Amino acid sequence: SEVATMMDVPVTNIISACMSLGMMVTMNQRLDAETLVIVAEEFNHKVEFVGAEVEESIEEVIDKPEDLITRAPIITVMGHVDHGKTSLLDYIRKANVIEGESGGITQHIGAYSVNVGDQKIAFLDTPGHEAFTAMRARGAQVTDLVIIVAAADDDVMPQTKEAISHAQAAGVPIIFAINKIDKPNANPDNVKTQLSQMNLLIEEWGGNIQSQDISAKVGTGIPELLEKVLLEAEILELKANPNKNAVGAVVEAQLDKGRGYLTTILVQAGTLKIGDYLLAGKHSGKVKAMFDDKGNNLQTAGPSTPVSILGLDGAPQAGDKFNVFDDEREAKQIASKRSQLQREQSVRTQKTLTLAEIGRRIALGDFKELNIILKGDVDGSVEALTDSFQKLSTEEIQVNILHKGVGAITESDVLLATASDAIIVGFNVRPQGNARVIADKEEVDIRTYSIIYDAINDLKDAMEGMLSPEM
Ligand code: GDP
């Protein structure tokens, strides 16, 4: 009704305009930005967003090339359960403490950094693709490289495949760590063969993906693995400007009795200093103290440094971005605006992508890629659907199968869909456990079918902009 007043048209006209876009709205409903633009166009009005200054007021410094210095790579470790992710992370950290400066007891703060020669590598200490993709879903692209651990005494497992899909969907290079080679029944070649069958050819076999045989138990191959990480990082030419206000992302946060909120963050660029005014997600505060993972007090933290800080007025979520402000009031204001926006957003409809929404956008010509996560009951139907879906690609719209697999639709599938703007197609499978709940919350479209023909037809209709909204 507000929009109707602004454009001086009857509110019923707005409602029917929305209906023609497949949206059932009421008078008091808030419309998202994109819908507003389209609706206004119908009535020959142009939309200018003046209320959207919240994020824009966060000034982004454009770095000059001469301001940039090389920064350490940030690594996430992924892989199938029990293949040795935690063991690898623990081994690397412990090895570093023995050589390390303080020799103190390490504390789990969610991330740590190690020295390799005169270089550094930062590790996110929450292994697994769920954590990785959950951060991406919140907008944080923190990881530069992914190490995928695959046990040499096992096959390439479903979660190994998931990890590969999640890394690929994020466009992050992979290094394989073939683990447990100390075991008598270890057969690294079996893993490598299976990877090659998935078109993942490692360097040793003439491909371009790095791989290292390791034992996270006894330490074999780990120095070589770290060397390969540094080599890969060099190719990526990771750089950041240390001489500006810090920006980065939240890794984890907890309430520490007596000390307040302890928040682990990763500085991605700039330098964070004691006394800085920080805004992270919906929370703000002055940095009162900073620690590394060995409990050492820090005064400053530069690019690619994980640190725990005290001083925020609440616990932001993993993957929230943070910024530093010169003025405490400004940080506070934005924090409270964000809280307010979030409350409003939760009453909005149609935030994320549904198949109907895809159809609408395709019809408008502003949609180029259709990302799909495909789960099925048997390999045959998954492959058949993959083929048919991919064949639907046209010159205008590319159909991407981000991940496919046999089995129920999992939480991790939903997360990947959120982070990558994908829809989920299930063939003879349903969402499992919490997956449905999260999908509802994140408004991820899950379509389940038991007839291949129906699945293909729906997708085709959506791509032709003809799909009627699901009731
Ligand atoms: P995660 O679930 O991937 O984090 O796996 P963990 O690191 O917890 O390891 C699962 C099990 O495998 C544990 O019992 C480890 O002790 C064992 N393990 C991990 N790495 C190795 C290794 O290199 N050699 C051997 N023999 N056992 C390992």
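Scope of this entry: the structure provided in the associated data block. Quantities reported herein were computed from a predicted structural model and do not represent experimental measurements. (Residues numbered from 1 in each chain as written. Predicted model: local features only at pLDDT ≥ 70, side-chain atom pairs only at ≥ 80, totals over all residues. Heavy atoms only, no water.)

## Brief notes about the overall build of the protein
From N to C terminus, the protein includes 15 helices and 21 strands. Per-residue burial for the protein yields a buried fraction of 49% across its 471 residues. Within the protein, contacts between residues at least 6 apart in sequence are counted, and of these 71% link residues at least 24 apart. (Helix = DSSP H or I, 4+ residues; strand = E, 2+ residues; numbered from the N terminus. Buried < 20%, exposed > 50% of the residue type's maximum accessible area, 1.4 Å probe, protein only. Contact = heavy atoms within 4.5 Å.)

## With respect to the sheet that holds strand 3 (residues 111–116)
The mixed open sheet is built from six strands, whose spatial order is 3-4-2-5-6-7. Of all strands in the sheet, those with a lone pairing partner are strand 3 and strand 7 (210–213), marking the two edges. Taken over all neighbouring pairs, the strand axes of this sheet differ in orientation by 30 degrees on average, direction set aside. Two strands pair when backbone bridges link them, and strand 2 (residues 74–79) and strand 4 (residues 119–124) are joined in this way by three bridges, in the parallel orientation. Across the sheet, residue I74 finds its bridge partner in strand 4, namely A122. Packing against the sheet, helix 8 (residues 188–197) makes contact with strand 5 (145–151), strand 6 (174–179) and strand 7, and its axis sits at approximately 150 degrees to strand 6. (Pairing = 2+ DSSP bridges. Axes fitted to C-alpha atoms, helices over the stretch in contact; angles between N-to-C directions.)

## Topic: the sheet that holds strand 19 (residues 398–406)
If you trace the four strands from one edge of the open sheet to the other, you get 19-18-20-21, paired in parallel fashion. A strand with exactly one partner marks an edge of an open sheet, and here the two such strands are strand 19 and strand 21 (446–449). Looking at each pair of strands side by side, their axes are set apart by 25 degrees on average, direction ignored. In this sheet, strand 20 (residues 422–427) lies alongside strand 18 (residues 369–376) in parallel orientation, the contact comprising six bridges. By the bridge assignment, I373 is partnered in strand 20 with I424. Relative to strand 21, helix 15 (residues 452–463) is tilted by about 140 degrees, and along the sheet it contacts strand 18, strand 19, strand 20 and strand 21.

## Section: the nonpolar core
Nonpolar side chains tend to gather and get buried jointly when the protein is soluble and globular. In this structure, L88, I92, I121, F123 and I147 are the most contacted members of the largest nonpolar core, which totals 24 residues. Taken together, the elements giving at least two residues each to this core come down to strand 2, helix 5 (85–99), strand 3, strand 4, strand 5, strand 6 and helix 9 (222–236). Of all the elements, helix 9 adds the most residues to this core, at six residues. Core analysis: the next-biggest nonpolar cluster, separate from the first, contains 21 residues, I358, L385, V399 and A462 among them. (Core = buried A, V, L, I, M, F, W, Y, C linked by side-chain atoms within 4.5 Å.)

From the geometry alone we can't say anything about function, so treat these as descriptive.
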